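# Residue-level structure breakdown
Here are the chains, one letter per residue:
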Amino acid sequence: MKDDLQIAVVGATGVVGREVLAGLYARDVPAEQVRAFGSERSKGLEVEYGEDSLEVERATAEAFRGMGLVLLATPGEVSRTLAPAAQAAGAWVVDVSPAFRGDGNVPLVLPGFNTEALSTVTKGRVVCLPGAVTTAAVHVVEPLRRAFGVARAQVTAMVAVSSAGVRGVAELEKQTADLMSGREPEPHAFPHRVGFNLVPQVGGFMVGSPWTEEEAGWTLEAARLFAGRGDAPVLAGTAVQVPSFYGHGLVINVQLKKAGPVEQVRAALKTSPSLKVLDAPGERVYPMPMLVTSDPAVHVGRVRAFPQSPEWVTLFAAIDNATRGAALNLVETGLKLAERERAA
Ligand SMILES: NC(=O)c1ccc[n+]([C@@H]2O[C@H](COP(=O)([O-])OP(=O)(O)OC[C@H]3O[C@@H](n4cnc5c(N)ncnc54)[C@H](OP(=O)(O)O)[C@@H]3O)[C@@H](O)[C@H]2O)c1
């Protein structure tokens, strides 16, 4: 990376933005090269950068002047406005929101899966990243696709409230306190009370469709990521909002094209550097959101198949949605692009 390359972290006060700052700090990027941005609301606040702190500036088109790399951890509608402004400033731009995932002109990159797609990206283009559930599911499916072929992966995702950002976290905290004190809370960030409940709706529904935008996103993002790798597995399923704070859990039913013994399935999963296999159920070892906190690997286990239908393999996976599912994808992609700047 050019030693003076300036990095803008936009959305620095959010669930993802804070983890982006932690990820840059962990990779020894000096504080002088990093600037933190947010909306007018958070202007002047301080955010942690390791031992240091950074003052949050308001994100405007002018503020991006001189930035070499802009990392957007903002809501989709904000990214749609700020990405062109960052492009106009001549920066590399990486966006973690859903804003550009459906746009075939914007490369969709998942580090550890198709990082090579970055080699064709030119400066001033936006690169976008998949969501946390797609990140987990694609990392789990890919080694099975290579070993056996995969027709379809059916996912039930248990989605933590931090998927809805700081507002989602605050809502579960308040609802839990209210319910423990005998008060029925009002839902704001979610369509129903999420405290001590399960809500089979994450985000809004697609217009005229029974699928939520979250669920439709998995299918679209996986199709884009697997395109060009032979028969692309279909990824589809149901997202359920659950009353936990961080870490998503996924039940994944994978339909193999050629059935193999469960031991071979487990062995194939172990070949992936993106996965950690935790699968000793007799010793109560399996993935759980509480174990995956800050782990850059996706955890997978509970691997099993019905003898009557050995081509269907069932697994359980867990991902830290804020770090592996978002911030690390932003940091790793951004720093890869910055390396190209240095090499230029
Ligand atoms: N949370 C997850 O698990 C996850 C996973 C994958 C992808 N994502 C995506 O990551 C993005 C950020 O999510 P999050 O969970 O971090 O949300 P969040 O906690 O609500 O944070 C949103 C951030 O965006 C900033 N922001 C809002 N409006 C802005 C504006 N007009 N100009 C500049 N900054 C603005 C906020 O700053 P203020 O403090 O000033 O409001 C805040 O820093 C979203 O697009 C989300 O879909 C999230």
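Keep in mind that this is a model prediction, so the values were computed, not measured. (Residues numbered from 1 in each chain as written. Predicted model: local features only at pLDDT ≥ 70, side-chain atom pairs only at ≥ 80, totals over all residues. Heavy atoms only, no water.)

### Observations concerning the overall build of the protein chain
When helices and strands are counted, the protein chain shows 8 helices and 13 strands. A globule of 344 residues ought to have a C-alpha radius of gyration of about 20 Å, and the protein chain, at 20 Å, matches this closely. With respect to the three principal axes, the spread of C-alpha positions in the protein chain is 65 × 60 × 45 Å. Looking at the protein chain as a whole, 52% of its 344 residues are labelled buried. Pairs at least 24 residues apart make up 67% of the contacts formed inside the protein chain by residues separated by at least 6 positions. Put simply, the protein chain shows about 15500 Å² of open surface, and 54% of that area lies on carbon and sulfur atoms. (Helix = DSSP H or I, 4+ residues; strand = E, 2+ residues; numbered from the N terminus. Rg over C-alpha atoms; globule rule 2.2 N^0.38 Å. Buried < 20%, exposed > 50% of the residue type's maximum accessible area, 1.4 Å probe, protein only. Contact = heavy atoms within 4.5 Å. Areas by Shrake-Rupley, 256 points an atom, 1.4 Å probe, with all protein chains shown as cover.)

### Considerations on the side chain of N114
The residue N114 is located in the loop between β6 (92–95) and β7 (126–128) in this model. By relative accessible area, which is 8% here, N114 ends up buried. Every residue in contact with N114, bar those within four places of it in the chain, is listed here: L108, V109, L225 and R229.

### Section: the site of the ligand
In the neighbourhood of the ligand, 27 residues make up the surrounding shell, with T13, S39, S42, T74 and N321 lying closest. Here a nitrogen atom of the ligand and a backbone polar atom of S162 are 2.9 Å apart. One of the side-chain nitrogen or oxygen atoms of N321 is found 2.8 Å away from an oxygen atom of the ligand. A total of 900 Å² of accessible area belongs to the ligand in isolation, and the protein chains cover 82% of it. Per-class residue counts for the shell around the ligand are 11 nonpolar, 14 polar and 2 charged. (Near = heavy atom within 4 Å. Polar contact = N/O pair within 3.5 Å; in protein donor to acceptor, adjacent residues only side chain to side chain. Nonpolar A, V, L, I, M, F, W, Y, C, P; charged D, E, K, R; others polar.)

### Brief notes about the nonpolar core
Among soluble globular proteins, nonpolar side chains are generally buried collectively. The biggest cluster of nonpolar side chains holds 59 residues, and the ones touching the most others in it are F64 and L250. For this core, the domains that each give at least three residues are domain 1 (7–129 + 325–343) and domain 2 (133–321). Setting aside anything within four residues of it in sequence, one finds F64 in contact with A8, V10, A59, V70, L82, A85, A86 and A89. In this structure, L21, V47, L71 and L335 belong to the second largest nonpolar core, which totals 34 residues. (Core = buried A, V, L, I, M, F, W, Y, C linked by side-chain atoms within 4.5 Å. Domains from an automatic or database assignment.)

### Describing the sheet that holds strand β2 (residues 34–38)
Two modes of strand pairing occur in sheets, parallel and antiparallel, and in both the strands are linked by backbone hydrogen bonds. The mixed open sheet is built from 7 strands, whose spatial order is β3-β4-β2-β1-β5-β6-β7. Strands with a single pairing partner mark the edges of an open sheet, and in this sheet they are β3 (46–49) and β7. The average undirected angle you get between the axes of adjacent strands in this sheet is 30°. Where strand β1 (residues 7–10) meets β2, 4 bridges bridge the pair, whose relative direction is parallel. Counted as the bridge partner of V10 is F37 from β2. Along the sheet, helix α8 (residues 323–343) makes contact with β1, β5 (69–72), β6 and β7, crossing β6 at roughly 165°. (Pairing = 2+ DSSP bridges. Axes fitted to C-alpha atoms, helices over the stretch in contact; angles between N-to-C directions.)

### Some remarks on the pattern of salt bridges
Pairs can form between side chains of opposite charge whenever their charged atoms are close. Taken as a whole and judged by the stated rule, the model has 14 salt bridges. Between R27 and E332 there is a salt bridge whose closest N-O contact spans 3.8 Å. One end of the pair, R27, is in the loop between α1 (15–26) and β2; the other, E332, is in helix α8, and 305 residues separate them in sequence. Between R101 and E221 there is a salt bridge whose closest N-O contact spans 3.6 Å. Highlighted residues: R101 in the loop between β6 and β7 and E221 in helix α5 (residues 213–226), separated in sequence by 120 residues. The same class applies to R101 and to E221, which are both buried. Here the residues in one salt-bridge network are E116, E142, R145, R146 and R229, joined through shared partners. (Salt bridge = Lys/Arg side-chain N within 4 Å of Asp/Glu carboxyl O.)

### So, the side chain of D95
When you line up the elements, D95 lands in strand β6. Of note is the side chain of D95, whose polar atom sits 2.7 Å from the side chain of S79. In this structure, D95 is in contact with L72, S79, F100, V126, V127, C128, L129 and L330, ignoring residues within four places of it in sequence.

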